[in-house]
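# Overview (structure and organization)
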Amino acid sequence: MLETTIAGSLPKPSWLAEPRVLWAPWRQGGEALAEAKRDATILALKLQEDAGIDIVSDGEQSRQHFVHGFLENLDGIDFANKVRMGIRNNRYEADVPTVTGPLRRRGGVHATEARIARAHTGHALKFTLPGPMTIIDTIADRHYGDRVKMAMAFADLLNEEARELAAIGVDVIQFDEPAFNVYLDEVIDWGIEALHRAIDGLDCKTAVHICYGYGIKANIDWKAGLGSEWRQYERIFSALAASRIDQVSLECANSRVPIELLSLLDGKDVLAGAIDVASGHVETPDEVAVTIERALRFVPAERLFPCTNCGMAPLDQALAYKKLEALSAGAALVRGRR
Ligand code: ZN
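Computed from a prediction, not measured in an experiment: that's the story for all the values here.

Within the open sheet, the 3 strands sit side by side as β2-β3-β5. Their pairing is mixed. Since the sheet does not close on itself, it has two edges, and those belong to β2 (74–87) and β5 (140–141), each with one partner. Against the sheet, helix α5 (residues 147–168) contacts β2, β3 (92–105) and β5, and its axis sits at roughly 70° relative to β3.

Counted residue by residue, strand β10 (residues 304–308) has 5 buried out of 5 residues, so it is predominantly covered. By the bridge criterion, 5 bridges tie strand β9 (residues 269–275) to β10 in an arrangement that is parallel. Residue pairing in the sheet places Gly273 in a bridge with Cys307 of β10.

All right, on to the pairing of β3 then. Moving residue by residue along a regular strand, the side chains alternate between the two faces of the sheet. Here 9 bridges tie β2 to β3, and the two strands are oriented antiparallel to one another. Bridging from a neighbouring strand, Leu74 pairs with Arg105 of β3. Counted between consecutive antiparallel strands, the loop separating β2 from β3 contains 4 residues, among which Arg88 sits at a positive phi close to 50°. Both β3 and β5 contribute to a ladder of 2 bridges, which runs parallel. Each bridged residue has a counterpart across the sheet, and for Val99 the counterpart in β5 is Asp141.

Attention now goes to the environment of Thr41. Along the chain, Thr41 falls in helix α1 (residues 30–50). A count of 25 C-beta atoms within 10 Å places Thr41 in the buried class. The residues contacting Thr41, other than those within four sequence positions of it, are Asp58, Gly59, Gln61, Ser62, Glu113, Ile116 and Ala117.

The strand order across the open sheet formed by 7 strands is β1-β4-β6-β7-β8-β9-β10, and the pairing between neighbours is parallel. In this open sheet, the two strands that pair with only one neighbour each are β1 (55–57) and β10. Neighbouring strand axes in the sheet, compared pairwise and without regard to direction, differ in orientation by 30° on average. Relative to strand β4 (residues 124–130), β1 runs parallel, the two sharing 3 bridges. Across the sheet, the residue bridging to Ile55 is Ala124, located in β4.

Parameters and conventions
- Residues numbered from 1 in each chain as written.
- Predicted model: local features only at pLDDT ≥ 70, side-chain atom pairs only at ≥ 80, totals over all residues.
- Pairing = 2+ DSSP bridges.
- Helix = DSSP H or I, 4+ residues; strand = E, 2+ residues; numbered from the N terminus.
- Contact = placed C-beta atoms within 7 Å.
- Axes fitted to C-alpha atoms, helices over the stretch in contact; angles between N-to-C directions.
- Buried ≥ 20, exposed ≤ 12 C-beta atoms within 10 Å, placed from the backbone.

Here you go:
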């Protein structure tokens, strides 16, 4: 009960990539980079286990960014000429690659790190992939000419990848869809259908992570303008509850999402963020327990998984693991009271 897990990414060691930045440049190349990624993956697993995390991940140590890490091994994408584009409805600008032809996987994108992770932990293993809507919001298009058509093409590739990861022994595959709180109508029109294509035929658990973004300035400013209550999810939760996705991951720590909205996710596992990734404060176990208890008013304990609000990639490494220790200590407190 109340098994702990993380949203996905973890900070990378300074010998692998520049610390405390998003899109951090690698500090190795060629064979040394492959070795460093492997070592960092094993280290991330060990540190999660030591922090008491039950369902661990590779910490996304082998990808520079949660979206482009998947795109880099696909045919049909021009990475050489990046285009500056407003993403998440122009919340911020990013230099993105362009789809220039039919999309195809060149082979397993994440199979190497999934195999390494599977070989080095006995814990349940979670693996994250970007969701189709978030991908098409983070790439330019000069081939498909239609957002939905392109999203479905990506969903088919994600499905191939996910099947491969499941066969390697991954227990939970999560699709990251921060775009789901930006394009609410499209979530209902086609976003969930795209996820269904991505999970088709999978025999492992499936999850979707929705969120208000990393703790970077553009997101903090955006959130400040959203008002005292964030009710965006009210429009999509019933659709998610009716979907074939098993789990929904969202932020509950220092979030203005009204906690009672969780009752709209009836029947789903809820990965409730009890760690704020936008703050340098290490939560106390009591603070974590309060967040978990609030969620427990609307989600049965057997369906609640204490989690981080979002990815931790841009955080200080030591800080991130202290926060994970607080997460498991807080979950243990709540377990002890039941
Ligand atoms: Zn997130």
